[in-house]
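The primary structure of each chain is shown beneath.
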Amino acid sequence: MNIQICTVGKLKEKYLKMGIDEFQKRLSPYAKIEIIEVSDEKAPENLSQQEMEQVKEKEGERLLAKISEDTHVIALAINGKMKSSEQLAEDLDKLATYGKSKIAFIIGGSLGLSQTVMKRANDTLSFSKMTFPHQMMKLILLEQIYRAFRINRGEPYHK
Ligand SMILES: C[S@@+](CC[C@H](N)C(=O)[O-])C[C@H]1O[C@@H](n2cnc3c(N)ncnc32)[C@H](O)[C@@H]1O
């Protein structure tokens, strides 16, 4: 399975980088993980609603340009679908069964994801009603993908 994690902005925090590297390494026997970082737009505090939408659209265009048409896209959104780890594991298993070998998870920038990205998404995923920083979301998502593979293989880890 080829999994893309598509994000906005460059990861700078060392502690997150270490965690992400660790889960990428742990995931290597199960899937090919590609972490994609597209450049972010400047988003000062005083932007109008229209300007904020433009920022999201520009970032969204860059994200979607990295994803092929035959990829199953899952958009991470606070108001997306909430699932248990077992449900995510089942989803990944079903996608593999139906021959969907390319999956992209998209994480928005500081303002979130554009309407265009949400329309392209085949599914959405929420990790709760709380707002997480997008760079931290990357680490949390990788851990859950790793957990999903362990669940599907019946391997110890998942408690
Ligand atoms: C800082 S958040 C953006 C907050 C923005 N106000 C919004 O409502 O989307 C950046 C990105 O992290 C992801 N994210 C943050 N919290 C999340 C959550 N609880 N569930 C799923 N994704 C989340 C989403 O992809 C979001 O676009």
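Residues numbered from 1 in each chain as written. Predicted model: local features only at pLDDT ≥ 70, side-chain atom pairs only at ≥ 80, totals over all residues.

In the nomenclature of an unreviewed UniProt entry, the protein chain corresponds to Ribosomal RNA large subunit methyltransferase H from the organism Metabacillus lacus. The protein chain has a UniProt comment under Subunit (unreviewed entry) that states "Homodimer." Turning to the protein chain, the UniProt record has this under Sequence similarities (unreviewed entry): "Belongs to the RNA methyltransferase RlmH family." (UniProt positions renumbered as here; feature names shortened; annotations may be inferred.)

Engineer: Where do I start with the sheet that holds strand β2 (residues 32-38) in this structure?
Structural biologist: The strands that make up a sheet pair up through hydrogen bonds in the backbone, lying either parallel or antiparallel. Strands sit in the order β2-β1-β4-β3-β5 across an open sheet of five strands; the sheet is parallel. Edge positions in the sheet fall to β2 and β5 (123-125), since each of these pairs with one other strand and no more. For this sheet, the mean inter-axis angle between neighbouring strands, taken without regard to orientation, is 25°. Relative to strand β4 (residues 102-106), strand β3 (residues 72-76) runs parallel, the two sharing four bridges. Residue pairing for β4: Ala75 is matched across the bridge by Ile106. Sheet strands in contact with helix α5 (residues 134-153) are β1 (2-8), β3 and β4, and its direction is about 165° off that of β1. (Pairing = 2+ DSSP bridges. Helix = DSSP H or I, 4+ residues; strand = E, 2+ residues; numbered from the N terminus. Axes fitted to C-alpha atoms, helices over the stretch in contact; angles between N-to-C directions. Contact = placed C-beta atoms within 7 Å.)

Engineer: Just checking my understanding: could you explain the site of the ligand for this structure?
Structural biologist: In the region of the ligand, 19 residues are neighbours, and Leu76, Gly108, Gly112, Phe127 and His134 sit closest. Split into classes, the residues belonging to the shell around the ligand amount to 11 nonpolar, eight polar and no charged. (Near = placed C-beta within 6 Å. Nonpolar A, V, L, I, M, F, W, Y, C, P; charged D, E, K, R; others polar.)

Engineer: Looking at this model, I keep getting lost on the packing of helix α1 (residues 14-27) against α5. Mind explaining?
Structural biologist: Angle between the axes and distance between the axes: these two values describe a pair of packed helices. Taken N-terminus to C-terminus, the directions of α1 and α5 make an angle of 20°; their axes are 9 Å apart at the nearest point. Comparing the axis directions of α1 and α5 gives the class roughly parallel. Between α1 and α5 lies a crossing whose hand is left-handed. Within the contact between the two elements, α1 uses Leu16, Gly19, Ile20, Phe23, Gln24, Arg26 and Leu27 and α5 uses Gln135, Met136, Lys138, Leu139, Leu142, Glu143, Ile145, Tyr146 and Phe149. For the contact of α1 with α5, the residue count by class is 10 nonpolar, three polar and three charged. (Parallel < 35°, antiparallel > 145°, perpendicular 65-115°, else oblique. Left-handed = near helix turned anticlockwise from the far one by under 90°.)

Engineer: Is there a simple way to explain the nonpolar core in this structure?
Structural biologist: The nonpolar side chains of soluble globular proteins are, as a tendency, buried together. Counting residues in each nonpolar core, the largest one holds 31 residues, and the members touching the most others are Ala75, Phe105, Ile106 and Leu142. Elements that contribute at least two residues to this core include exactly β1, α1, β2, β3, α3 (85-97), β4 and α5. Ranked by residue count, the leading element in this core is α5, at seven residues. Discounting residues that sit within four places of it in the chain, Phe105 has contacts with Ile5, Cys6, Ile74, Leu76 and Leu141. (Core = buried A, V, L, I, M, F, W, Y, C linked by C-beta atoms within 7 Å. Buried ≥ 20, exposed ≤ 12 C-beta atoms within 10 Å, placed from the backbone.)

Engineer: Explanation requested: the pairing of β2 in the structure shown.
Structural biologist: The pairing of β1 with β2 spans seven bridges and is parallel. By the bridge assignment, Gln4 is partnered in β2 with Glu34. For the crossover that starts at β1, traverses α1 and ends in the parallel β2, the hand is right-handed. (Right-handed = clockwise from strand over helix to strand, strands pointing away.)

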